[in-house]
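Chains, contacts and geometry: an overview
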Amino acid sequence: MNKTEIKRHRLSGFDLFNYALMALIVVVMLYPLYYVIVISISDSMQVAKGRVHWYPVGVDFAAYRRIFSNEQFMRSFLNTLLYTGVGTVINLVMSMLCAYPLSRKDFPMNRFFSLMIIFTMYFSGGMIPMYILVMNLGMIDTMWALVIPGAISTYNVLVMRTFFLNIPEALHEAAEIDGASEFRKILSLVLPLSLPIMATMTLFYAVDHWNSWFNAMIYLNTNSKYPVQLMVRNLVIEQGYGQYYYAGMENGEAEVAATTIQYAGIVVATLPILILYPALQKYFVKGVMIGSVKG
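1. Describing the overall build of the chain
Scanning the chain for helices and strands turns up 15 helices and zero strands. Looking at the chain as a whole, 36% of its 295 residues are labelled buried. Within the chain, contacts between residues separated by at least 24 positions form 71% of all contacts whose residues are at least 6 apart in sequence. Summed over its atoms, the accessible surface of the chain is roughly 17,600 Å², and 66% of this surface lies on carbon and sulfur atoms.

Structure, rendered in structure tokens:
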């Protein structure tokens, strides 16, 4: 290796600063999650005494046994799987059917409809009109109240529209020559070429549905229909809600175990989405970057 190659491989001060800064950001981002996991698997008495910081003390999975043996919590977990699955499918279908026409230059009043959609990014009716609308549609205390009002995200539609604009016009013309209708072009041409953006939108929408709890708190009245994030919120914030998890425990014992049970609930509610992200991560950057090249 000559001097030029050695110099090229030598890290500059700026590079070292970047690496140190990124390492610090990683630690700051990961430590809260690591701390939650450590607390959840530590002995509740050691946690109550404030002895757990960097590593588990008296490893104990009793909090997880309490969580997984709780019928209401597990039902809420299944509810979230249902809401996320159905909601994400609705989001993808509706967003694609909205974004594709906007990407076609021969679509009548293309600019007008694009401006109307962008308008909703800045102005909306607000919470009370939305609640009245959902109530009048008869969706209160149903799954549809959680998946229909947010069926389309304006930002995601614009990203998908920009992605579709990058599909060569020659492919559309070739499909039209072969006699393909617009729906046929979507199924046979656009969808196969849109795997990166569809995977990215799946991640966006699935994370949004999985983490959602506020709409459920507003629109749902039956505990058995609650999503897991609302159950975790109630477990952490509402002290009386812990009675469902502390059955058979003395008051003092329940008070000591409360923290580990709360943290175990957070881990269980967070883990599935952490597993989903790496599976779609390879499409994530490509989908977002291609969808933001031109407007």
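After presenting the structure, the write-up continues.
2. A word on helix H11 (residues 182–193)
With twelve residues, H11 extends 15 Å between its outermost C-alpha atoms, agreeing within 8% with the 16 Å of an ideal straight helix rising 1.5 Å per residue. Those residues of H11 not exposed but buried are Lys185, Ile186, Leu189 and Val190. Down the axis of H11, the sector holding all buried residues measures 130°, keeping them to one side. Of the residues in H11, the exposed ones pointing more than 90 degrees away from the buried face are Phe183, Arg184, Leu187 and Pro192. Elements in contact with the buried residues of H11: helix H5 (71–103), helix H9 (154–165) and helix H10 (169–177).

3. Digging into helix H12 (residues 195–211)
Look at H12: 24 Å from first C-alpha to last across 17 residues, which is about the 24 Å you get at 1.5 Å a residue. Taken residue by residue, H12 has Pro196, Ile197, Met198, Ala199, Thr200, Met201, Leu203, Tyr205, Ala206, His209 and Trp210 as its buried positions.

4. Topic: the confidence of the model for the chain
Averaged over all residues, the pLDDT of the chain is 79; the fraction at 70 or higher stands at 84%. Helix H1 (residues 3–9) is the least confidently modelled element of the chain, averaging 52 in pLDDT, while helix H8 (residues 144–147) averages 90, the highest of any element.

5. Observations regarding a nonpolar patch on the surface
A cluster of nonpolar side chains, Met109, Phe112, Phe113, Leu115, Met116, Phe119, Met121, Tyr122, Phe123 and Tyr155, forms an exposed patch at the surface whose accessible area comes to about 1,100 Å². Broken down by element, the nonpolar patch gets its largest block of residues, five residues, from helix H6 (residues 110–119). Tracing the backbone shows Leu115 in helix H6.

6. A look at the environment of Gln262
Position of Gln262 among the secondary structure elements: in helix H15 (residues 251–290). With relative accessibility at 13%, the residue Gln262 sits in the buried group.

7. Concerning unusual backbone geometry
Despite not being glycine, Met109 has its phi angle at roughly 55°, a positive value. Within the secondary structure, Met109 sits in the loop between H5 and H6. Looking at Met109, the relative accessible area reads 51%, which means it is exposed. Its identity is not glycine, yet Asp141 carries a phi of approximately 65°, on the positive side.

8. Some thoughts on the packing of H11 against H12
Where H11 meets H12, the closest approach of the two axes is 5 Å, and the angle between their N-to-C directions is 70°. In terms of orientation, H11 lies roughly perpendicular with respect to H12. In this structure, H11 uses Leu191, Pro192 and Leu193 to contact H12, whose residues at the interface are Leu195, Pro196 and Met198. A class-by-class count of the residues in the contact of H11 with H12 yields six nonpolar, no polar and no charged.

9. A look at the packing of aromatic side chains
Tallying each qualifying case throughout the model produces 13 aromatic pairs. Considering the side-chain rings of Tyr31 and Trp54, the 4.9 Å spacing of their centres and the 45° angle between planes classify their relative orientation as tilted. Of the two residues, Tyr31 sits in helix H2 (residues 13–40) while Trp54 sits in the loop between helix H3 (44–48) and helix H4 (62–68), which places them 23 residues apart along the sequence. Judged by relative accessible area, Tyr31 falls into the partly exposed class, the value being 27%. Taking the relative accessible area as the measure of exposure, Trp54 reaches 58% and is therefore exposed. A centroid spacing of 6.4 Å and a plane angle of 80° characterise the contact between Phe163 and Phe164, whose relative ring orientation is edge-to-face. Its relative accessible area of 5% is what places Phe163 among the buried residues. Here the aromatic residues Tyr31, Tyr34, Tyr35, Trp54 and Tyr263 are joined through ring pairs into a cluster of three or more.

How each quantity is defined
Residues numbered from 1 in each chain as written. Predicted model: local features only at pLDDT ≥ 70, side-chain atom pairs only at ≥ 80, totals over all residues. Heavy atoms only, no water. Helix = DSSP H or I, 4+ residues; strand = E, 2+ residues; numbered from the N terminus. Buried < 20%, exposed > 50% of the residue type's maximum accessible area, 1.4 Å probe, protein only. Contact = heavy atoms within 4.5 Å. Areas by Shrake-Rupley, 256 points an atom, 1.4 Å probe, with all protein chains shown as cover. Expected span 1.5 Å × (residues − 1). Arc of directions from axis to C-beta. pLDDT = per-residue confidence, 0-100. Patch = residues over 30% accessible without salt bridge, like charges linked within 9 Å, V, L, I, M, F, W, Y side chains within 5 Å. Salt bridge = Lys/Arg side-chain N within 4 Å of Asp/Glu carboxyl O. Axes fitted to C-alpha atoms, helices over the stretch in contact; angles between N-to-C directions. Parallel < 35°, antiparallel > 145°, perpendicular 65-115°, else oblique. Nonpolar A, V, L, I, M, F, W, Y, C, P; charged D, E, K, R; others polar. Phe/Tyr/Trp six-rings, centres within 6.5 Å; stacked < 30°, edge-to-face > 60°.

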